[in-house]
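The lines below spell out each chain.
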Amino acid sequence: MIEVEQLTKRYGQKTAVDNLSFQVHPGHVTGFLGPNGAGKSTTMRMMLDLDNPTAGRVRIDGQRYRELAEPLKYMGALLDAKAFHGGRSAYNNLLCYAQANRIPERRVGEVLDIVGLTAVAKKKSKGFSLGMGQRLGIAFALLGDPRILMFDEPVNGLDPEGIHWIRNLMKNLAAQGRTVFVSSHLMSEMALTADHLIVIGQGKLLADTSMADFIAANSRSYVRVRSPQQERLRDVFHRAGVTAIEVGDGSFEIDGVGAAKGIGELAAQNQITLHELSPQQASLEEAFMQMTAGSVEYHAHNLDTPSGVGGAPMPPPQMPPGAAPPPPQQQWGGGWGQGPGPDQDQGQGKG
Amino acid sequence: MASIPAVLKSEWTKIRTVSSTTWTLATALLVTVALSAALSALMKSTFDDLSNVEKATFDPTFISFSGMMLGQLAMIVFGVLVVGTEYSSGSIRSSLSSVPQRGTFLFSKIAVATVLALVVGLATSFLSFFLGQALLGSELRTTLGEDNVLRAVVGGGLYMALIALFSMGVATMLRSSMLSLGILMPFFFLISQILSAVPGAKKVARYFPDQAGSKIMQVVPDAMGGEKAPYGPWGGLGIMLLWVAAALVGGFLVLKNRDA
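Sequence order as written defines the numbering, with residues in each chain counted from 1. Numbering of ligands from 1 and lettering of chains from A proceed in the order in which they are written. Local features are withheld for residues below a pLDDT of 70 in this predicted model, meaning they are given only at 70 or higher, and side-chain atom pairs are given and counted only at 80 or more; totals for whole chains, interfaces and linings count all residues. The basis for every side-chain value is the complete set of heavy atoms in the structure, and neither hydrogens nor water enter the calculation.

**Student:** Got a minute to help me understand the UniProt feature "transmembrane region" (unreviewed entry) in chain B in this structure?
**Tutor:** All names here are of chain B. UniProt positions are given in the numbering used here, feature names are shortened, and annotations may be inferred rather than shown by experiment. The UniProt record marks residues 21–42, 62–84, 105–129, 149–171, 178–198 and 234–255 with the feature "transmembrane region" (unreviewed entry), using the residue numbering of this structure. Strands here mean DSSP runs of E at least two residues long; helices mean DSSP runs of H or I at least four residues long; both are numbered from the N terminus. Strand forms 0% of residues 105–129 and helix 100%; the C-alpha atoms that close the span are 36 Å apart. Taken end to end, residues 149–171 has its terminal C-alpha atoms 33 Å apart, with 100% of it in helix and 0% in strand.

See below:
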């Protein structure tokens, strides 16, 4: 378990992490979410005792990281893909850290195998792509077979197959009863992997909630109905006791995706023509953006479209309630405009 | 606490798995030995042109170390890179995640690198001495059996190890290879050498680490008509040790207190 208590980090006048307290429990994937510059990486560095907090503390199973004798056996961390000496081979890079924590040398081969780098184990790591570097970082995190794992933006630079692989890896690690703490600036990514969410903005805690609660609270599912016979449809709804909200463009919205079937039958019975009958779900990205709207540090401004958070993201396809939203076709940040902004490039941004 | 033998083993793996270790140490040895040999041979052929004072205070041991002035620069590069590449590559974060106890990490790293520098330094020193004496010829040469000669030759090895150690301390303070080399190289190659030749600055310059430390390599005090120093060979080495200690303490404090 990781306990963060009133953690604060100031750089001169700027407060990067502001009185942050939360706990990360074993057996779950806990997502650590926030826009770029929210203080995610700073928090993670303080968890590893790489940076000294201005105030507050972090406990790893009750101890400070610096008090751990062989810390890789307690907690493994992927910080960034470039935390290795490029002149050393992947194997030797891991070997020196294994030796420092008295981890048997055969484990180096094992973790390289797990991340799929066995073929390039003897190659100098400076020739590695971002994705390969990320895999080497994950191998480093797994080296001591730790009970706690921490990944800072693990999907950065990975191809779709790699993203799929890391998601399953994190879920499996959590299923084994380990504590998995993973940061991301992509809500959609978190929705697919995390069981629990910790959301920060400008270094402050914005939410500490289970993923299911977050989805229930923030993703309203409804059915959109459109008909040329709007008046008749309204009467039918009224008689059937269906609560339908009339939306400006002549369509109705009825809460609950399960309503689609009944509405279709109701319309058929009354011989009403429908032009649309579609289950909808408000995107989690939208909810996340609204939550962090006041605390986004780096705004991209769009010259063409009027700005404004929550500007009509594309409706995702039908899905059962409580299910994860679709893969990151619509990344958070899209609400600022349709053009590609720095925040929308999945491979670039770091918290 | 982390297991010290385990961390030493880890640092040994780090140092032997990068190519810069080989080329810096090999350069230090080859440049020192080759240049010392060349200057010894040159000295033999021009000995008759020296003044009487210079002839009287001729130090065949010291002359066979004259290439160290240049060879020490490779030792500085070795010392700087041992620490500096942790920062330039970003591997310092992985290293400190593995060994979060700053003192254990730093002093294990430095111990391994210093032992290696000492071994290479001693090899350099003995090779330079024997080759230099051979080239000086039967009239000018000395032997290890003469008074203070063995001390000077072993001292040459100590000097090179301490130069490397000092560079490690400076690189830990500055946390950058480029910045450390940018300061140390001109300092040892130019500033120290120039100031030691300027009358007014001499008194200060002889307390610089290289000026003071190199006295250990002299058999004849104030050899070749040089200025008389207010300290002996061991006193000079002591002054150098103080510089080294200051650099290491400074480096440790920076590592302990600053964010990685």
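**Student:** So what exactly am I meant to see when it comes to the interface of chain B and chain A here?
**Tutor:** Note: interface size is frequently given as the accessible area lost on complex formation between the parts. In this analysis, two residues are considered to be in contact whenever any of their non-hydrogen atoms come within 4.5 Å of each other. Across the contact, 32 residues belong to chain B and 33 residues belong to chain A. Lys9(A) is the salt-bridge partner of Asp259(B), the closest N and O atoms lying 2.7 Å from each other. In protein, a polar contact means a hydrogen-donor-capable atom and an acceptor-capable atom, both N or O and within 3.5 Å, with residues adjacent in sequence counting only if both atoms are side-chain atoms; elsewhere, any N or O pair within 3.5 Å suffices. Linking chain B with chain A are 15 residue pairs in polar contact (both at pLDDT 80 or more). Secondary structure elements with two or more residues in the side of chain B that touches chain A: helix H1 (4–16), helix H5 (68–89), helix H6 (91–98) and helix H12 (233–257) of chain B. Here the residues of the side of chain B that touches chain A are counted per class, giving nine nonpolar, 15 polar and eight charged. By convention in these notes, a salt bridge is any Lys or Arg side-chain nitrogen within 4 Å of a carboxyl oxygen on Asp or Glu. Here the nonpolar group is Ala, Val, Leu, Ile, Met, Phe, Trp, Tyr, Cys and Pro; Asp, Glu, Lys and Arg are the charged ones; every other residue, Gly included, is treated as polar.

**Student:** What is the right way to look at a nonpolar patch on the surface in this model?
**Tutor:** All names here are of chain B. Patches draw on residues past 30% relative accessible area with no salt bridge. Two like charges within 9 Å are joined, as are two nonpolar side chains (Val, Leu, Ile, Met, Phe, Trp, Tyr) within 5 Å. Each accessible area value is a Shrake-Rupley result obtained with a 1.4 Å probe; residue values ignore everything except the protein chains displayed when judging cover. On the surface, a cluster of nonpolar side chains totalling about 560 Å² of accessible area is made up of Met69, Leu70, Phe189, Leu190, Ile191, Ile194 and Val198. For the nonpolar patch, the elements supplying multiple residues, two or more each, are H5 and helix H9 (177–195). No other element matches H9, which puts four residues into the nonpolar patch. As for its placement among the helices and strands, Ile191 is situated in helix H9.

**Student:** Mind showing me how you'd approach the packing of helix H2 (residues 90–100) of chain A against helix H4 (residues 130–142) of chain A here?
**Tutor:** Describing two packed helices takes the angle between their axes plus the distance from one axis to the other. All names here are of chain A. Fitted lines through C-alpha atoms give the axes, limited to the stretch in contact for helices. The angle between two N-to-C directions lies from 0 to 180 degrees. Running from N to C, H2 and H4 cross one another at 25 degrees; their axes reach a closest spacing of 10 Å. One way to sum up the angle between H2 and H4 is to call them roughly parallel. For the pair H2 and H4, the crossing hand works out as right-handed. The residues of H4 that touch H2, namely those facing Ala90, Leu94 and Tyr97, are Leu136, Ala139 and Phe140. Class assignment for the residues of the contact of H2 with H4 results in six nonpolar, no polar and no charged. Angles are sorted into four bins: roughly parallel if under 35 degrees, roughly antiparallel if over 145, roughly perpendicular if 65 to 115, and oblique for all others. Working rule for handedness: look at the near helix, and if it is turned counterclockwise from the far one by less than a right angle, call the crossing left-handed; if clockwise, right-handed.

**Student:** What's the story with the environment of Lys82(A) in this structure? I'm lost.
**Tutor:** Tracing the backbone shows Lys82(A) in the loop between strand E5 (75–78) and H2. Take Lys82(A): its relative accessible area is 43%, and that puts it in the partly exposed class. C-alpha separation for the pair Lys82(A) and Lys126(A), spaced 44 residues apart in sequence, amounts to 8.8 Å. Every residue in contact with Lys82(A), bar those within four places of it in the chain, is listed here: Phe128(A), Ser89(B), Gly90(B) and Arg93(B). In this scheme, a residue with accessible area under 20% of its type's maximum is buried, one over 50% is exposed, and one in between is partly exposed, where area comes from a 1.4 Å probe on protein chains only.

**Student:** Can you walk me through the sheet that holds strand E3 (residues 29–33) of chain A in this structure?
**Tutor:** Adjacent strands of a sheet form backbone hydrogen bonds with each other and so pair up, either parallel or antiparallel. Residues and elements named next belong to chain A. Whether two strands pair comes down to DSSP finding at least two bridges between them. Across the sheet, six strands lie side by side as E5-E6-E7-E3-E8-E9; this open sheet has mixed pairing. Pairing within the sheet leaves two strands with one partner each, and these edge strands are E5 and strand E9 (204–210). Adjacent strand axes in the sheet meet at a mean angle of 15 degrees, parallel and antiparallel pairs treated alike. Taken together, the six bridges between strand E8 (residues 196–201) and E9 define a ladder with antiparallel strand orientation. Within the sheet, the bridge partner assigned to Val199 lies in E9 and is Ala207. Sitting on the sheet, helix H1 (residues 40–47) is in contact with E3, E5, strand E6 (148–152), strand E7 (179–184) and E8, with an inclination near 150 degrees to E7. Its contacts with the sheet put H4 on E5 and E6, and the angle it makes with E5 is roughly 170 degrees.

**Student:** Help me understand the pairing of E8(A), please; the structure alone is not making it clear to me.
**Tutor:** For a regular strand, the rule is simple: side chains alternate between the two faces of the sheet. Residues and elements named next belong to chain A. Counted residue by residue, E8 has five buried out of six residues, so it is predominantly covered. Here E3 runs beside E8; their pairing, made up of four bridges, is parallel. Along E8, the bridge assignment pairs Phe32 with Ile198.

**Student:** I tried to follow unusual backbone geometry on my own but got confused; where do I start?
**Tutor:** Leaving glycine aside, a negative phi is the common case for residues, and trans is the common case for peptide bonds. The backbone of Glu153(A) sits at a positive phi, close to 50 degrees, despite the residue not being glycine. Mapping Glu153(A) onto the fold places it in the loop between E6 and helix H5 (160–175). A positive phi is found at Arg175(B), a non-glycine position, where the angle reads about 55 degrees. Here Arg175(B) lies in the loop between helix H8 (149–174) and H9.

**Student:** Can you help me understand the sheet that holds strand E13 (residues 276–281) of chain A in this one?
**Tutor:** Residue and element names in this part refer to chain A. Overall, antiparallel pairing links the four strands, which are arranged E11-E12-E10-E13 in an open sheet. Strands with a single pairing partner mark the edges of an open sheet, and in this sheet they are strand E11 (245–246) and E13. Examined bridge by bridge, strand E10 (residues 221–226) and E13 share six bridges and lie antiparallel to one another. Among the inter-strand pairings, Ser221 is bridged to a residue of E13, identified as Gln281. Each of E10, E11 and strand E12 (251–255) is contacted by helix H8 (residues 230–240), which is oriented at about 20 degrees to E12, the strand it contacts most.

**Student:** What am I meant to see in the packing of aromatic side chains here?
**Tutor:** Geometry of an aromatic ring pair is reported as the spacing of the ring centres plus the angle between the planes. For this analysis, a ring pair means two rings from Phe, Tyr or Trp (six-membered ring only for Trp) whose centres lie within 6.5 Å, classed as stacked if their planes differ by under 30 degrees, edge-to-face if by over 60, and tilted for the remaining angles. Inspection of the entire model under this criterion finds 16 aromatic pairs over all chains. Considering the side-chain rings of Phe187(B) and Phe188(B), the 5.2 Å spacing of their centres and the 85 degrees angle between planes classify their relative orientation as edge-to-face. Using a relative accessible area of 19% as the deciding quantity, one classes Phe187(B) as buried. By relative accessible area, which is 0% here, Phe188(B) ends up buried. On the numbers, 5.0 Å between centres and 55 degrees between planes, the contact of Phe187(B) with Phe208(B) is tilted. You can see Phe187(B) sitting in helix H9 and its partner Phe208(B) sitting in the loop between helix H10 (199–205) and helix H11 (209–213), a full 21 residues away along the chain. Exposure remark for Phe208(B): the relative accessible area of 11% places this residue in the buried category. Ring pairs connect the aromatic residues Phe166(B), Phe187(B), Phe188(B), Phe208(B) and Trp243(B), which therefore count as one cluster. Taking NZ or CZ as reference, Arg135(A) lies 4.9 Å from the ring centre of Trp165(A), over its face. Ring-over charges, as used throughout, are those where CZ of Arg or NZ of Lys falls within 6 Å of the ring centre and within 35 degrees of the ring normal.

**Student:** What is the right way to look at the pairing of E10(A) in this model?
**Tutor:** Sheet topology note: the E10(A)/E12(A) ladder contains five bridges and is antiparallel. Bridge pairing links Val223(A) to Ile254(A) in E12(A).

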